[in-house]
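Descriptive structure summary
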Amino acid sequence: MAGSNPATTTEYISHHLTNLVYGKLPAGYERSYNGNIELIEQPTWTLAQSADEVMAMGFWAVHVDSMLWSIGLGAIFAFLFFRAARKASTAVPSGWLNFAEMVVDFVDGTVKDTFHGRNKLIPPLALTIFVWIFLMNLMKLIPVDLVPTLLMYAGVNYQKIVPSTDPNVTLGLALGVFVLVLYYSIKIKGFGFARELAFTPFNHWAFIPLNLFMEVIGLLAKPFSLGLRLFGNMYAGEIIFILIAVMFGAMGAAGVFGGGLQVVLSGDVSQTALPMQSIALWAVGFVVVCTLCWLNLKGKLATKRMVWLVALTMLIIGGVFNLAGGIMQWGWAVFHILVITLQAFIFMVLSIVYLSLAHEDH
Amino acid sequence: MNINLTLFGQMLTLAFFVWFCMKFVWPAITTAMEERQQKISDGLDAADRAMRDLELAQDKATDQLKDAKQQSAAIVEQANKRAAQIVEEAKQSAIAESERIKAAAHAEIEQELARAKEELRSQVSRLALLGAEKVLGASIDEAANRDLVDNLAAQL
């Protein structure tokens, strides 16, 4: 369902695209909620209650959801691979270790294809980036409404569970790589790095300003293209998920059950494109539930069994009601299995390429 | 889509996880993998060597078996020859023994014969004297005719 809390589609979408932000409200900001207006006298660190407050916080804010999910996923990566590393020995590998070794071998092969020097940092960096970004992207396959809606019941207003749809996260990763690029450029090339910036592509002193201008832009374009590519892909995919959810709803089994409940109990068929079918669905559901209750009252059906059958009916009715949305969400998710893996891989390969360029002395 | 402190938070997080991976994950797994690769290739080499050793041992065993067969054949042949020789020798000695026994028997027979002849001769001479006495009706001077009769007896 599109949910009843965000009343309109626009609100629903912008709600889904707003992070949970903890930041500093500046002095003099007028905070309004529930019709009251509160004047902030001191600069205050607090959770933002609306998009306006997020704007007012500006730079001094942290996306709590992005940070928590990305740190949590990073911890899962670290834990899983640490466990594999603890188990790793010359004996016959099995289970998870097999898989971890497969991933390590794949990353190692990719690094060796691109980067020909010896470096203790780049292979583990590539592994971390690949698996971590893959896990962050993987969060997209969780139905878009599920976690935010559940957390809303728990009192958390905003929640974006896919860290890689947050440009701070992707640009943070890209800047991390960029810092390493600069470090290795200076470490390997020394003064040659400055000469490279000043004397390519036109090897004449008169062209130094032009060269510097072009090369610095080229250099800065690397982390931005790296971060924005991942962000753009993930963000666009997420929006498609949200749009499908706007039209059809996406909460997995719970949503299907809820949909059935909604159809049968309230006859709420407003959100479907095919009202006639929904009315028929409601009628069928209503008749089935009434029959079950009647059988139970007559003593021909145990109460426990009746409850199970009613629940099953809800699932079936909700499933039919949500069929189109379910199929579209599912189809897009299947397509996205490819996208999330590919984007993680591209980020890793480009990081390696940039770092290996930093090592090449001309 | 605000750029804020999250950017630096993410950079620090990345630095931490990369450090963790570099320190605790990557070396352990790659070292184990390399060692295992080494072990496997060593094992395969050892298996190849063992196969070659086995072939050599089989060849050697075949050769030894052939030698043994030849030797045993030679021994059997020798034994057969020896047996034949022994039989031959036994035959020869048996023949010789039989010849000896036969000769001894012959000699004895000859002796017996000679003795019988001697005895017969002596008896013949006595019988002849007795007969002559009967014929002549008188006693013959034994001593006088003794030579005559003995001569006669010797001529028998």
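Computed from a predicted model, the values in this text were never measured in an experiment.

Our next topic: the overall build of chain A. Of regular secondary structure, chain A possesses 13 helices and 5 strands. Sorting the 362 residues of chain A into buried and exposed places 44% on the buried side. Long-range contacts, defined here as pairs at least 24 residues apart, represent 71% of the contacts in chain A between residues at least 6 apart. Carbon and sulfur atoms make up 70% of the accessible area of chain A, which amounts to about 18600 Å² in all.

With that settled, the discussion passes to the confidence of the model for chain B. Any segment with low pLDDT has predicted coordinates that should not be analysed in fine detail. Averaged over every residue, the pLDDT of chain B is 89; residues scoring 70 or more account for 94%. With pTM at 0.71, the complex prediction returns an ipTM value of 0.78.

Take a nonpolar patch on the surface next. Taken together, the side chains of Tyr22(A), Trp45(A), Leu47(A), Phe59(A), Trp60(A), Ile3(B) and Phe8(B) present a nonpolar region at the surface, about 660 Å² in accessible area. Within the fold, Ile3(B) resides in the segment before helix H1 (6-136).

Residue and element names in this part refer to chain A. Under the domain assignment, chain A is made up of domain 1 (9-60) and domain 2 (65-238). The distance between the C-alpha centroids of domain 1 and domain 2 comes to 30 Å. The interface of domain 1 with domain 2 comprises 10 residues on the first partner and 13 residues on the second. The contact between domain 1 and domain 2 buries some 1100 Å² in all, and 51% of this surface belongs to carbon and sulfur atoms. Of all residues in domain 1, His-15, Asn-19 and Leu-20 bury the most surface against domain 2, accounting for 48% of the area lost on that side. At the junction of domain 1 with domain 2, the criterion picks out 0 salt bridges. For the interface between domain 1 and domain 2, the tally reads 5 residue pairs in polar contact (both at pLDDT 80 or more).

What follows covers the packing of aromatic side chains. Ring pairs (aromatic) are described by centroid distance and by the angle formed between their planes. This model, assessed by the stated rule, comprises 21 aromatic pairs over all chains. On the numbers, 6.4 Å between centres and 35° between planes, the contact of Phe16(B) with Phe20(B) is tilted. With Phe16(B) and Phe20(B) both in helix H1 and 4 residues apart, the pair spans about one turn of that helix. Given a relative accessible area of 15%, Phe20(B) falls into the buried group. Joined through ring pairs, the aromatic side chains of Phe82(A), Trp132(A), Phe16(B), Phe17(B), Trp19(B), Phe20(B) and Phe24(B) make up one cluster.

The next thing to look at is the nonpolar core. Membership of the largest hydrophobic core comes to 61 residues, with the highest contact counts inside it found for Phe81(A), Val107(A), Leu127(A), Phe347(A) and Ile29(B). Counting residues per element, the ones that place at least two in this core are helix H3 (64-87), helix H4 (96-114), helix H5 (122-138), helix H7 (167-189), helix H9 (208-248) and helix H13 (323-359) of chain A together with H1 of chain B. Dropping the residues within four chain positions of it, Val107(A) is found in contact with Pro123(A), Ala126(A), Leu127(A), Phe130(A), Met348(A) and Trp26(B). Counting 9 residues, the second-largest nonpolar core is a separate cluster that includes Phe231(A), Tyr235(A), Phe241(A) and Ala333(A).

Time to look at the packing of H5(A) against H1(B). At a minimum axis separation of 9 Å, H5(A) and H1(B) run at an interaxial angle of 120°. Here H1(B) runs oblique to H5(A), going by the angle between their axes. Relative to H1(B), H5(A) is oriented so that their crossing is right-handed. Seen from H5(A), the contacting residues are Pro123(A), Pro124(A), Leu125(A), Leu127(A), Thr128(A), Ile129(A), Trp132(A) and Met136(A); seen from H1(B), they are Gln10(B), Thr13(B), Leu14(B), Phe17(B), Val18(B), Cys21(B), Met22(B), Val25(B) and Trp26(B). Taken together, the residues of the contact of H5(A) with H1(B) sort by class into 14 nonpolar, 3 polar and no charged.

Here the focus is the pattern of salt bridges. According to the stated counting rule, one finds 8 salt bridges over all chains in the structure shown. The salt bridge involving Asp108(A) is made with Lys112(A); its shortest N-O contact spans 3.0 Å. Of this pair, Asp108(A) and Lys112(A) both sit in helix H4, separated by 4 residues, roughly a single helical turn. Given a relative accessible area of 16%, Asp108(A) falls into the buried group. We classify Lys112(A) as exposed; its relative accessible area is 53%. As a salt-bridge pair, Arg115(B) and Glu112(B) come within 2.5 Å of each other at their nearest N and O atoms. Note that Arg115(B) and Glu112(B) are positioned in helix H1 at a spacing of 3 residues, about one turn of the helix. Of the residues examined, Arg115(B) reaches a relative accessible area of 46% and is grouped as partly exposed.

Scoring rules and cut-offs
Residues numbered from 1 in each chain as written. Chains lettered and ligands numbered in written order. Predicted model: local features only at pLDDT ≥ 70, side-chain atom pairs only at ≥ 80, totals over all residues. Heavy atoms only, no water. Helix = DSSP H or I, 4+ residues; strand = E, 2+ residues; numbered from the N terminus. Buried < 20%, exposed > 50% of the residue type's maximum accessible area, 1.4 Å probe, protein only. Contact = heavy atoms within 4.5 Å. Areas by Shrake-Rupley, 256 points an atom, 1.4 Å probe, with all protein chains shown as cover. pLDDT = per-residue confidence, 0-100. Patch = residues over 30% accessible without salt bridge, like charges linked within 9 Å, V, L, I, M, F, W, Y side chains within 5 Å. Salt bridge = Lys/Arg side-chain N within 4 Å of Asp/Glu carboxyl O. Domains from an automatic or database assignment. Buried area = accessible area lost by both parts, 1.4 Å probe. Polar contact = N/O pair within 3.5 Å; in protein donor to acceptor, adjacent residues only side chain to side chain. Phe/Tyr/Trp six-rings, centres within 6.5 Å; stacked < 30°, edge-to-face > 60°. Core = buried A, V, L, I, M, F, W, Y, C linked by side-chain atoms within 4.5 Å. Axes fitted to C-alpha atoms, helices over the stretch in contact; angles between N-to-C directions. Parallel < 35°, antiparallel > 145°, perpendicular 65-115°, else oblique. Left-handed = near helix turned anticlockwise from the far one by under 90°. Nonpolar A, V, L, I, M, F, W, Y, C, P; charged D, E, K, R; others polar.

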